[in-house]
Amino acid sequence: MAAFPLLDGFDRAILRILQEDNTTPLRVIGAAVHLSAPAVQRRIKRLEAAGVIAAQVAVLDPAALGQALTIFVEVSLDSEKVADVDAAKRAFRAAPEVQQCYYVTGEADFVLVVVVPSMAAYEALTRRLFFDNPNVRRFRTFVAMDRVKAGLGVPVEDAT
């Protein structure tokens, strides 16, 4: 696991602002946290280099792009040998429909978050990822009826 730098109050305040809107101008962030824009920029660069800020991305609405269905899938494997688990991870990572993938404990081995335009598209995905994979023992599907909350924000607590 990567060693992350200790975050001070300025770093945490900057991170809270960037999580809300990563296009906030440096001068606005600086005014909010009581630092100069160049100091904010240096801190952001350091946080990026350390991996604390993993990416600068735009969060898109799947429905606006014709991806109307969000589906959660529990996947159980027959073999949990390292090579077989790694092969499953590669397959899930390579599928553009898989928005998120978690290797988990419990009854299932993986939980996937999938976005697709239709049930027909999901059926095609299940054939490709699950039915054609001899190591997939079973999968369970949960179709989201309403997107109540979606986000990737992480609580940024003050150091205690």
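Residues numbered from 1 in each chain as written. Predicted model: local features only at pLDDT ≥ 70, side-chain atom pairs only at ≥ 80, totals over all residues. Heavy atoms only, no water.

(A) Representation of the sheet that holds strand 3 (residues 110-116). Strand order in the open sheet formed by 4 strands is 2-3-1-4, with antiparallel pairing between adjacent strands. For this open sheet the edge positions go to strand 2 (98-103) and strand 4 (136-143), each flanked by a neighbour on one side alone. Across the sheet, the mean angle from the axis of one strand to that of its neighbour is 20 degrees, orientation sign disregarded. Along the sheet, helix 4 (residues 82-94) contacts strand 1 (69-77), strand 2 and strand 3; its crossing angle with strand 3, the most-contacted strand, is approximately 20 degrees. Sitting on the sheet, helix 5 (residues 119-131) touches strand 1, strand 2, strand 3 and strand 4, and the angle it makes with strand 4 is about 160 degrees. (Pairing = 2+ DSSP bridges. Helix = DSSP H or I, 4+ residues; strand = E, 2+ residues; numbered from the N terminus. Axes fitted to C-alpha atoms, helices over the stretch in contact; angles between N-to-C directions. Contact = heavy atoms within 4.5 Å.)

(B) Quick look at the nonpolar core. V75, L112, V114 and F130 are the most contacted members of the largest nonpolar core, which totals 19 residues. Only strand 1, helix 4, strand 3 and helix 5 provide two or more residues apiece to this core. The dominant element in this core, judged by the number of residues it contributes, is strand 1, at 5 residues. Apart from the residues within four sequence positions on either side, V114 is in contact with L69, T70, I71, V73, E97, V98, Q99, Y122 and L125. With 11 residues, the next largest nonpolar core counts I14, L15, V33 and V40 among its residues. (Core = buried A, V, L, I, M, F, W, Y, C linked by side-chain atoms within 4.5 Å. Buried < 20%, exposed > 50% of the residue type's maximum accessible area, 1.4 Å probe, protein only.)

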